[in-house]
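Structural characterization, general
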Amino acid sequence: MSDIPPRPGDPSPGPRPPARRRWLRRAGRAAMLGAIGVSVWAFRDQLPDAGALWDVATDAAPGWLVVMVLTQLASMSMFTRVQRWLLRAGGVRLPLSRALQITYAGNALSTTLPVGPAVSVAFTFRRFRRAGATPRLATAVIVVGGVVMNLGYAVVGLTALVAEPHSRSTAITGLAALAGGLCAVALLWRWRRDAMNRLALRVFGPLLRHRLAAPLTEMWQGRGALRLSAPDWGVLGLMAVLNWSFDILSLAAAERAVGVHTPLYAVALAYYAAQAAGSVVPLLPGGLGAIEASLTASLVAFGAQAVPAGAAVALYRLASFWGVIGAGWLAWLAIRLGDEDPPRTRAWGALGDVETSPPAALMPVGAAAPAPAPDSAESA
């Protein structure tokens, strides 16, 4: 059967015109910048007072302020290195500068936008795909990285509980019971693996089939995309612990800068209390307001004076929240302006960025995963 040439009036099934594509891309950037402006306007009354912060900063010890900033940068660097290590275990090498841009931009998206966590996950997933990761590897990096960071968070918190005199005995007892249980499970797994597999499937099977357990299922199914040895797990765990430790040390340095000398374990416990308070009201970007109030109250409870404690919290949040967010949006702009259109056809959304959807397990509960087009596994 011979091909029939298209008539002049027939529509062309080819890709979208470049002009329309550029217009959609500009509209996505405008929507994102508009979201930044709305966030700043909505929380303008809770922004730190520039004059008060300037007065505190001029009286603070410059050396401790430098330590505060450096430890905050080190904390973000550790998180970035966890993801780079996982990508490298999957055979993808991402330059450190590019990985830092992705980390800062993803943090800004997650913190300031109303549906920030979903946008941040999709943004990070797409950047890993552009770096050469397969969908399975990108999923494994995001999920396994989150699990490793949460384990590091728990280790640092338990260490602070052990260091605190009043909670030391309870914390040590709990840790000993947990370690004993894990050792018993490991021995049973080694000696009776088949029986343990059947028991685990019988007990945890219904739970693992629930949607809330989808990230664990994705991590288990995607473990083959990561070639991790025992030393790799050790390095990942160490970097996760350092990520949280540097963030706590940044708060301690802010205290020292204004003359507050709370014990380090007290600073860590105040930090964890503030994180819990910020998670109670998830609609506030970055726990704005709740974290500041909880941190100040906790430091006062550990013996600090109210005024210097509030000044230390303001300095810490200036570096850890406002500074990181500002750097994140600059990184997002740098990434977007540095993007070049690939030769393949792409579907442009309103955000102009999430072109490859992450797996459904990475999306928040209640969010519907977009269905891929029949002719492309990568279109959103």
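Before reading on, note that the structure itself is shown above.
To keep things clear, this report deals only with the structure shown in the data block. Everything quoted here is computed from the prediction, not taken from an experiment.

Each value, and the rule that gives it
- Residues numbered from 1 in each chain as written.
- Predicted model: local features only at pLDDT ≥ 70, side-chain atom pairs only at ≥ 80, totals over all residues.
- Heavy atoms only, no water.
- Patch = residues over 30% accessible without salt bridge, like charges linked within 9 Å, V, L, I, M, F, W, Y side chains within 5 Å.
- Areas by Shrake-Rupley, 256 points an atom, 1.4 Å probe, with all protein chains shown as cover.
- Salt bridge = Lys/Arg side-chain N within 4 Å of Asp/Glu carboxyl O.
- Helix = DSSP H or I, 4+ residues; strand = E, 2+ residues; numbered from the N terminus.
- 1 Å grid on protein atoms, 1.4 Å probe; cavity = no way out; pocket = protein on both sides within 12 Å on 5 of 7 lines; lining within 4 Å.
- Points joined across faces, edges and corners; volume = space filled by probe spheres on them.
- Nonpolar A, V, L, I, M, F, W, Y, C, P; charged D, E, K, R; others polar.
- Polar contact = N/O pair within 3.5 Å; in protein donor to acceptor, adjacent residues only side chain to side chain.
- Axes fitted to C-alpha atoms, helices over the stretch in contact; angles between N-to-C directions.
- Parallel < 35°, antiparallel > 145°, perpendicular 65-115°, else oblique.
- Contact = heavy atoms within 4.5 Å.
- Phe/Tyr/Trp six-rings, centres within 6.5 Å; stacked < 30°, edge-to-face > 60°.
- Buried < 20%, exposed > 50% of the residue type's maximum accessible area, 1.4 Å probe, protein only.
- Lys NZ or Arg CZ within 6 Å of the ring centre and 35° of its normal.

**A word on a nonpolar patch on the surface**
Side chains of V66, V69, L70 and L73 sit close together on the surface and give an oily, nonpolar patch of about 340 Å² of accessible area. When you line up the elements, L70 lands in helix α3 (residues 62–89).

**Some details on empty space enclosed by the protein**
Counted according to the given criterion, the structure contains 1 cavity of 30 Å³ or more. Lining the largest cavity, in full, are T80, Q83, R84, L87, L94, A99, I102, T103 and F128. Top contributing element to the lining of the largest cavity by residue count: α3, with 4 residues. Of the residues contributing to the lining of the largest cavity, the split by class is 5 nonpolar, 3 polar and 1 charged.

**Regarding the side chain of S75**
Here S75 is to be found in helix α3. Within the structure, the side chain of S75 is placed 2.8 Å from the backbone oxygen of N243, a separation counted as a polar contact.

**Topic: the packing of α3 against helix α4 (residues 96–112)**
Look at α3 against α4: their axes get within 9 Å of each other, and the N-to-C directions meet at 110°. Comparing their axes, α4 and α3 come out roughly perpendicular. Along the contact surface, α3 presents L73, M76, S77, F79, T80, R81, Q83 and R84, while α4 presents L96, A99, L100, T103, Y104 and N107. By residue class, the composition of the contact of α3 with α4 is 7 nonpolar, 5 polar and 2 charged.

**Digging into the packing of aromatic side chains**
One pass over the structure, following the stated rule, counts 5 aromatic pairs. With 5.8 Å between their ring centres and 75° between their planes, Y271 and Y272 make a pair best called edge-to-face. What makes Y271 buried here is its relative accessible area of 2%. When the ring of F321 is compared with that of W322, the centres are 4.8 Å apart and the planes differ by 85°; the resulting orientation is edge-to-face. Given a relative accessible area of 5%, F321 falls into the buried group. In this structure an aromatic cluster arises from ring pairing among Y153, W244, Y271 and Y272. Taking the ring centre of W85 as reference, the NZ or CZ of R88 above it sits at 4.3 Å. A cation over a ring is seen here: R317 above F321, with NZ or CZ 4.6 Å from the ring centre.

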